[in-house]
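Remarks on the overall topology
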Amino acid sequence: MDTVAQLVLIAISAALINNFVLHYFVGICPYIGVSRRVDMAFGMGCAVTFVISIAGFLSWAFTYYVLRPGAPGTAAIYQALGGSGETVVDLSILNYIVYIFVIASSVQLVEMYVRKFFPALYKSFGVYLPLITTNCAILFACLEIMKYVSGANPAEMWGLGQAMALAVFGGLGFTIAIVIMAGIREELDLCDVPKPLRGAGITLIVAGIMALAFMGFAGVDRGLADLLR
């Protein structure tokens, strides 16, 4: 399969078929906490997409050039320090630490930008904006990229294009899911929801129904793959 077809399949899979929130159930905290209004949910989706894109780019770069076994950057530094050229240097044990630092730095950049130029949106986010640092959807994207870079067969190893397709469209899928949820919750405010289900109860029920609805996209990737061939 050529590169363009693979990029299309990765993008559609990340955004719809294997949506991070509704398929893997990662990123649930901001998904539930910041989906009360559509404008706030859209802002959070854009912030997460921006952060996950930067984190995806940096995690691929660090993994490919530094952290994976036999990484060219690490090997060059090792040989410059007098090491043997036949030794395979493996720094993959540092993957989690590096990814967490990358995500935290990206979130700090977004937080400073939003606080400077969109103070009302920054105030409406509250504690959930800095909590993007602990949004497991972003770390999940980094780990997915690592899976196809560190230790993968050379023929199946992802380049930067595949990594960015997963990151950008994974963030887009998160935005789609949280905006749909916000629209439904705005309508639920006008409905007579039974008292025991008000708040988190009805929200989790709606999230489950949305996850079932998105299961309807299952198999689309196989059909697309056959079409693109």
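What comes next is a walk through the structure. This structure is a prediction, so every number in the text was calculated from the model and none was measured.

1. Focus on the overall build of the protein chain
Across its full length, the protein chain holds 10 helices and 0 strands. Each helix and strand of the protein chain, placed in order from N terminus to C terminus, yields the pattern α-α-α-α-α-α-α-α-α-α. Of all 229 residues assigned to the protein chain, the portion counted as buried reaches 40%. Here the analysis covers contacts within the protein chain between residues at least 6 apart in sequence; of these, 76% occur between residues at least 24 apart. By element, 68% of the accessible surface of the protein chain is carried by carbon and sulfur atoms, the whole surface being about 12100 Å². Taking the average location of the 12 positive side-chain charges in the protein chain and that of its 13 negative ones, the two points are 11 Å from each other.

2. Some details on the nonpolar core
One recurring pattern in soluble globular proteins: nonpolar side chains tend to sit buried together. Core analysis: the largest hydrophobic core is formed by 53 residues, its most contacted members being Phe 20, Leu 22, Tyr 31, Met 44 and Ile 132. Only helix 1 (3-17), helix 2 (28-33), helix 3 (38-67), helix 5 (95-117), helix 7 (136-147), helix 8 (160-188) and helix 9 (200-214) provide two or more residues apiece to this core. Ranked by residue count, the leading element in this core is helix 3, at 10 residues. Once residues lying within four places of it in the same chain are set aside, the contact partners of Ile 132 are Met 44, Ala 47, Val 48, Val 51, Ile 103, Val 107 and Ile 138.

3. Some remarks on the side chain of Asn 19
Locating Asn 19 in the fold gives a position in the loop between helix 1 and helix 2. A polar contact is formed between the side chain of Asn 19 and the backbone oxygen of Ala 15, at a distance of 3.0 Å. Only 3.0 Å separates the side chain of Asn 19 from the backbone oxygen of Gly 173, close enough to count as a polar contact. Look past the residues within four positions of Asn 19 in its chain and what remains in contact with it is Ser 13, Ala 14, Tyr 24, Gly 173, Phe 174, Ala 177 and Phe 214.

4. Side note on the packing of aromatic side chains
Two aromatic rings, taken as a pair, are described by how far apart their centres are and by the angle between their planes. Taken as a whole and assessed by the stated rule, the structure comprises 9 aromatic pairs. Here the aromatic cluster, defined as three or more aromatic residues joined through ring pairs, consists of Phe 20, Tyr 24 and Phe 140.

5. Brief notes about the environment of Phe 174
Looking at the secondary structure, you find Phe 174 in helix 8. Each C-alpha atom of the pair Phe 174 and Ala 15 lies 7.4 Å from the other, and the pair is 159 residues apart in sequence.

6. Considering the pattern of salt bridges
A complete count under the given rule lists 3 salt bridges for this structure. A salt bridge links Arg 37 to Asp 39; its shortest N-O distance comes to 3.3 Å. Owing to a relative accessible area of 49%, Asp 39 belongs among the partly exposed residues under this scheme.

7. Quick notes on the state of the cysteines
In this structure the tally under the stated criterion is 0 disulfides. Free of any disulfide, Cys 46 has its nearest neighbouring cysteine sulfur in Cys 29, separated by 19 Å. Classification of Cys 46 as partly exposed rests on a relative accessible area of 36%.

8. Remarks on unusual backbone geometry
With phi around 55°, Phe 25 is a residue other than glycine that occupies positive phi space. For Phe 25, the position within the fold is in the loop between helix 1 and helix 2.

Calculation criteria
Here the residue index of a chain counts from 1 through its sequence in written order. Since the coordinates come from a predicted model, pLDDT governs what is reported: local features require at least 70, and pairs of side-chain atoms require 80 or more to be given and counted, while whole-chain, interface and lining totals use all residues. To obtain the side-chain values, all non-hydrogen atoms of the structure were included, while hydrogens and water were left out. Secondary structure elements follow DSSP: runs of H or I no shorter than four residues count as helices, runs of E no shorter than two count as strands, and numbering proceeds from the N terminus. Only protein chains enter the accessibility calculation, which uses a 1.4 Å probe. A residue is then buried if its area is under 20% of the maximum for its type, exposed if over 50%, and partly exposed in between. Any pair of residues with heavy atoms lying within 4.5 Å of one another is described as a contacting pair. Note that accessible areas follow from Shrake-Rupley with a 1.4 Å probe, and for residues the cover is restricted to the protein chains shown. Charge counting treats Lys and Arg as positive and Asp and Glu as negative, with His and both chain ends excluded. All charge positions are set by atom: Lys at NZ, Arg at CZ, Asp at CG, Glu at CD. What is meant by a nonpolar core is a set of buried Ala, Val, Leu, Ile, Met, Phe, Trp, Tyr and Cys residues, joined one to another through side-chain atoms within 4.5 Å. Contacts described as polar in this section are N or O atom pairs within 3.5 Å, which, within protein, must combine one atom able to donate a hydrogen with one able to accept it, while residues neighboring in sequence count only if both atoms come from side chains. Working definition: a ring pair exists when centres of Phe, Tyr or Trp rings (six-membered ring for Trp) sit within 6.5 Å. Plane angles under 30 degrees give stacked, over 60 give edge-to-face, the rest tilted. Each salt bridge in this description consists of a side-chain nitrogen of Lys or Arg and a carboxyl oxygen of Asp or Glu lying within 4 Å of one another. Disulfide: a pair of cysteine sulfur atoms within 2.5 Å of each other.

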